[in-house]
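# A structural walkthrough
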Amino acid sequence: NFQIDPAVQWQETTVGEGDSLSVVFDRMGLSANDLYGLLQRNDRPKDLVRLKPKQKLAFHIDDQGSLQALRLEVSPLKSLIYERSIDGYTSQELTREPEIIRRSASAEVTSSLYMAALDAQIPENLVMQMANIFGSVIDFVYDVRSGDRFTVIYEELWLEGEKLGTGKILAAQYTNRGDDHQAYRYADADGDVGYYSADGISMRKAFLRAPLDFT
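Report follows, based on the coordinates. (Residues numbered from 1 in each chain as written. Predicted model: local features only at pLDDT ≥ 70, side-chain atom pairs only at ≥ 80, totals over all residues. Heavy atoms only, no water.)

### Re the overall build of the protein chain
- Counting its regular elements, the protein chain contains five helices and ten strands.
- Relative to the 2.2 N^0.38 estimate, which gives 17 Å for 215 residues, the radius of gyration of the protein chain is 24 Å and therefore markedly larger than a compact globule would have.
- Each principal axis of the C-alpha distribution contributes one length, and for the protein chain these read about 75 × 40 × 30 Å.
- Within the protein chain, the fraction of its 215 residues that count as buried is 37%.
- Summarising the internal contacts of the protein chain: among those between residues at least 6 apart in sequence, 55% fall at separations of at least 24.
- Here the protein chain displays about 13,100 Å² of accessible surface, and carbon together with sulfur accounts for 47% of that area. (Helix = DSSP H or I, 4+ residues; strand = E, 2+ residues; numbered from the N terminus. Rg over C-alpha atoms; globule rule 2.2 N^0.38 Å. Buried < 20%, exposed > 50% of the residue type's maximum accessible area, 1.4 Å probe, protein only. Contact = heavy atoms within 4.5 Å. Areas by Shrake-Rupley, 256 points an atom, 1.4 Å probe, with all protein chains shown as cover.)

Here's what the structure looks like:
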């Protein structure tokens, strides 16, 4: 991966509502020539013209006020570095790996699956993952009953002490009308990933019992 020179002094700014790259360049005191050169002479111009509010940009500007490099934060885990070269600007990706922490959460259904997850502070995306995993054995539109219970073991993603979100479910159990259904995530030697029962049977079936958004 590309490494940032720690000696480089970066000037940072945040994209505001309605900001274009030209607006940001003007705010940073950079010339139209620098803007034109960056957009016309690099291999990834699309990322620069699709700026979103709250994205972060960092500029390396030399003593003559000319742009030497630009860093665009695409996501908390990925940035693009545009660095001046003889022929224009070269672009490279800078990626960071999050810390992965294993968590577990459980809940009991009293009124609805969604409300049970909400009351237990279980993220909605985990509930949707679970519904997809068990969708071939449980109809989450009609089969859910008060007293059902579920447990999920999942990944939580952190970066520099800040929680980025939740990742994939590693294992899950749903008890529906007294019947326990279990699923475990497994990646084979070819890298294909699936969920399997405790007996090693794939949870992936040709048809879901409820091919609908259960919410």
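### Quick word on the pattern of salt bridges
- In total, this model carries twelve salt bridges according to the counting rule given.
- Glu93 serves as the salt-bridge partner of Arg44, at 3.1 Å between the closest nitrogen and oxygen. Pair noted here: Arg44 is in the loop between helix H2 (32-40) and helix H3 (46-49) and Glu93 is in strand E5 (residues 88-95), with a separation of 49 residues, a long-range link.
- For Arg44, a relative accessible area of 26% corresponds to the partly exposed category.
- Between Lys163 and Glu156 there is a salt bridge, with the nearest N and O atoms lying 3.3 Å from each other.
- With a relative accessible area of 6%, Glu156 lands in the buried category.
- Among the charged side chains, a network of salt bridges with common partners joins Arg44, Asp47, Lys78 and Glu93. (Salt bridge = Lys/Arg side-chain N within 4 Å of Asp/Glu carboxyl O.)

### A closer look at the sheet that holds strand E3 (residues 67-75)
- Read across the sheet, five strands follow the order E1-E2-E3-E4-E5 without closing on themselves; strand pairing throughout is antiparallel. In the strand order of this sheet, the two ends are held by strand E1 (11-14) and E5, each with one partner. For this sheet, the mean inter-axis angle between neighbouring strands, taken without regard to orientation, is 20°.
- As paired elements, strand E2 (residues 56-61) and E3 share five bridges and run antiparallel to each other. Bridging across to E3, Phe59 finds its partner in Leu70. (Pairing = 2+ DSSP bridges. Axes fitted to C-alpha atoms, helices over the stretch in contact; angles between N-to-C directions.)

### Description of the environment of Arg103
- In this fold, Arg103 is placed in strand E6 (residues 99-108).
- Expressed as a C-alpha distance, the spacing of Arg103 and Val152, which sit 49 residues apart in the sequence, is 8.3 Å.
- In this view, Arg103 contacts Val152, Ile153, Tyr154, Glu156 and Trp158; residues no more than four positions away in its chain are not counted.
- At a separation of 2.8 Å, a polar atom in the side chain of Arg103 contacts the side chain of Glu156. (Polar contact = N/O pair within 3.5 Å; in protein donor to acceptor, adjacent residues only side chain to side chain.)

### Some remarks on the packing of aromatic side chains
- Inspection of the entire model under this criterion finds four aromatic pairs.
- Taking 5.6 Å as the distance between ring centres and 80° as the angle between the ring planes, the aromatic pair formed by Phe25 and Phe59 counts as edge-to-face. Taken together, the positions of Phe25 in helix H1 (residues 21-27) and Phe59 in strand E2 put the pair 34 residues apart, joining distant regions of the chain.
- Look at Phe25 and you get buried, because its relative accessible area is 1%.
- A relative accessible area of 0% means that Phe59 is categorised as buried.
- With 6.1 Å between their ring centres and 5° between their planes, Phe150 and Tyr174 make a pair best called stacked. One end of the pair, Phe150, is in strand E7 (residues 149-159); the other, Tyr174, is in strand E8 (residues 162-176), with 24 residues separating them in the sequence.
- For Tyr174, a relative accessible area of 0% corresponds to the buried category.
- Between Arg71 and the ring centre of Trp10, over which it is positioned, the NZ or CZ distance is 4.8 Å. (Phe/Tyr/Trp six-rings, centres within 6.5 Å; stacked < 30°, edge-to-face > 60°. Lys NZ or Arg CZ within 6 Å of the ring centre and 35° of its normal.)

All we've got here are geometric facts, nothing functional implied.
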